[in-house]
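The primary structure of each chain is shown beneath.
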Amino acid sequence: MSNNNSDRPASTAGSSVVWALGACALGAIVCFGIFLMLFGYVGSRGPSGPGSAGGQMMARTDGADVAERQQVAFDDASLARGKAIYAQACVACHGQNMRGGVGFNLVDGEWVHGASPEAILSNIKTGFPDRGMVGFESLYSDEELQDVVDYIRSRREGWESGRYAIWPIAADIARDDFSFEQVMQDEPTKAGRFGAGLVDYGLPEMENFAMVVDGTIHIPAGTPAGVWVQAGGGGGVEVTIDGEPVEPVYDLAGAIYPIDQGVHDLTIAYSTADKPNWYSGNLNIVVLNPETGERAFPLSEAGKSFLNDTSFVIDAQQRPRVIRRVVNNLPSSTISVGLPSGMNFGFNTKSCAIVGAWEGDFLDIGPNIDGRGDAPSVPLGEWMFHEPQAIALSQQGDCRYVGTSLQDDGAPVFAFELGGVPYTVSGQATDGGMAFVYAAAQGRSAGAVSMPEVDGVEMRVEQAGAQTRVLLERTRAQ
Ligand code: HEC
């Protein structure tokens, strides 16, 4: 049960939908836009019916509704207070990520006991004592519980509602000859709507198809987000956010379309054109953090099973990767860096030391995606050394981590102070291994370095002007 549009019969919606498509030529760039017009639909429901949010979205022509919806703003101080109370009183049953446990999922937009802020507040106050949730009215003030309600609402994620339509396409159509515009001039063979659920690209039940999904989506505050669409390589996917075509950033296993927090209109058009021998029938669509690769929540059925797979290897194929999370064998507060050459290391912000280095793939962050337990991420490949061994400046004194900056190629430079003197260190790939480059401020020498002694790994120090370079190489002798 839910408060949104999922309870509307798909057939009514499908038959009253008029699909139209607008494409505009902008110099050499052809921009792509899809508009679903709901003349019959809006007329039959009335503009203020329960489907009005979806109706506005579908009927958008001037962008005003979209702008309005994006302004659902919460007060930061209120959210912080709500978050603290949630962590104290609710997390045990509703989970770190609010996706449920003993208690219900609070971020998927499905409300069994009432969706309005007032209903949620009242439910928290009285609880469901016969079902395992005490009432909180004697423990917190109304203002405090209102903060919790805001915090919960700010974390809303996933589809609110949407529609899909499917067209068959010729088996042998080449990508260049295919256009959604043309295909959509025909009546779809199948069309319908989905509520807060997931899109299913397994629906078409045909080998070659074009399928367009258009819906309202919530992106919670707090972390950068992108919509990752894994469509088996190559084109075939066009994404628009709030009516604007979006170019993907290619990373991980596919295309990521960056998206801001808030409420958006998301259209994902997919065709199997030019994929004669490739048909998965389903697309992995997942919202993730494009900076870390950490997966957040699924948008498609296939994406959901994909998320349930706890193994998630992050490597640094094109650019260095920087990840802050707890890693096996490395102390907490370590920032891990993967270099495209297949060399990886960890810089610890508490000791200002290089606390580990390994060769091979970067990390499997699977074990703790989605708050599943507190298991650390797993470094892949082979250790060269790790804590308690470390590479550090010999200079004595208290260490203070200053910050991380990224070079043009995405490689991080760590800045820190040791005994009040500022230094930087970065890791670089070398021909046979890796080098840590230390520099001190004002052209001074970074001085001596202490290094572990490790069988099978040669480490030596080179001075190059004011730079101190620590070179690591595996001495392949077995
Ligand atoms: C001891 C476990 C437990 C704790 C602690 C708990 N809940 Fe619940 N909560 C539940 C259960 C179980 C349900 C589902 C009740 C039912 O079966 O209808 C629920 C339901 C809810 C609902 C209704 C969801 C809906 O779909 O309408 C809200 C809202 C809610 N909890 C918020 C909170 C908040 C906020 C806190 C902390 C202040 C909290 N809960 C603490 C177990 C808990």
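Here, every reference points to the structure presented above.
Residues numbered from 1 in each chain as written. Predicted model: local features only at pLDDT ≥ 70, side-chain atom pairs only at ≥ 80, totals over all residues. Heavy atoms only, no water.

Turning to the sheet that holds strand 22 (residues 399–406), a few remarks are in order. Spatially, six strands are ordered 22-23-24-25-28-27 in an open sheet, and the strand pairing comes out antiparallel. Edge strands, defined here as strands with exactly one partner in the open sheet, are strand 22 and strand 27 (457–464). Along the sheet, successive strands turn relative to each other by an average axial angle of 20°, direction set aside. With six bridges joining them, strand 25 (residues 433–440) and strand 28 (residues 467–474) adopt antiparallel strand pairing. In the strand pairing of strand 28, Ala435 is matched with Leu471. (Pairing = 2+ DSSP bridges. Helix = DSSP H or I, 4+ residues; strand = E, 2+ residues; numbered from the N terminus. Axes fitted to C-alpha atoms, helices over the stretch in contact; angles between N-to-C directions.)

The ligand sits among 21 residues. The nearest are Cys90, Cys93, His94, His113 and Met133. Here an oxygen atom of the ligand sits 2.8 Å away from a polar atom, N or O, in the main chain of Val112. Between the ligand and His113 there is a distance of 2.5 Å, counted from an oxygen atom to a side-chain nitrogen or oxygen. Of all elements in the fold, only helix 6 (91–94), helix 7 (117–126) and helix 8 (142–154) reach the threshold of two or more residues within the shell around the ligand. Its residues assigned to classes, the shell around the ligand shows 15 nonpolar, four polar and two charged. (Near = heavy atom within 4 Å. Polar contact = N/O pair within 3.5 Å; in protein donor to acceptor, adjacent residues only side chain to side chain. Nonpolar A, V, L, I, M, F, W, Y, C, P; charged D, E, K, R; others polar.)

Let us now look at the pattern of salt bridges. Per the counting criterion, the structure on display carries nine salt bridges. The partner of Arg460 in a salt bridge is Glu458, with the nearest N and O atoms 3.2 Å apart. On the basis of relative accessible area, Arg460 is assigned to the partly exposed category, the value being 37%. Taking relative accessible area as the criterion, Glu458 reaches 38% and is therefore assigned partly exposed. One salt bridge in this structure joins Arg460 and Glu462, with 3.4 Å as the shortest N-O distance. According to the relative accessible area criterion, Glu462 is partly exposed, its value standing at 32%. Residues joined by salt bridges that share partners form a network here, namely Glu458, Arg460, Glu462 and Arg469. (Salt bridge = Lys/Arg side-chain N within 4 Å of Asp/Glu carboxyl O. Buried < 20%, exposed > 50% of the residue type's maximum accessible area, 1.4 Å probe, protein only.)

Turning our attention to the sheet that holds strand 5 (residues 209–219). Pairing in this open sheet of six strands is antiparallel, and the strands run 4-3-5-11-7-8 from one edge to the other. Of all the strands in the sheet, the pair left with one neighbour each is strand 4 (190–194) and strand 8 (244–245). As judged from the five bridges shared by strand 3 (residues 158–168) and strand 4, these two strands associate in the antiparallel manner. Paired with Ile166 across the two strands is Lys190, which belongs to strand 4.

Tallied over the full model, the rule gives 12 aromatic pairs. Taking 5.9 Å as the distance between ring centres and 40° as the angle between the ring planes, the aromatic pair formed by Phe347 and Phe416 counts as tilted. With Phe347 in strand 17 (residues 343–348) and Phe416 in strand 23 (residues 412–418), this pair connects stretches of sequence that are 69 residues apart. For Phe347, a relative accessible area of 0% gives the class buried. Accessibility expressed as a relative area gives 2% for Phe416, which makes it buried. These aromatic residues form a ring-pair network of at least three members: Phe347, Tyr401, Phe414, Phe416 and Tyr423. (Phe/Tyr/Trp six-rings, centres within 6.5 Å; stacked < 30°, edge-to-face > 60°.)

Glancing now at the coordination of the iron atom of the ligand. Six octahedral donors around a metal ideally subtend angles of 90 or 180 degrees, whereas four tetrahedral donors ideally subtend 109.5 degrees. Distances from the iron atom of the ligand to its protein donors, His94 (NE2) and Met133 (SD), fall at 2.1 Å. Considering all six donor atoms around the iron atom of the ligand, the spread of angles at the metal, 86 to 179°, places the coordination shape in the octahedral class. Of the two residues, His94 sits in helix 6 while Met133 sits in the loop between helix 7 and helix 8, which places them 39 residues apart along the sequence. With relative accessibility at 11%, the residue His94 sits in the buried group. (Donors = N, O, S within 2.8 Å, 3.2 Å for Na, K, Ca; no water. Tetrahedral: all angles 85-135°; square planar, octahedral: opposite > 155°, others 65-115°.)

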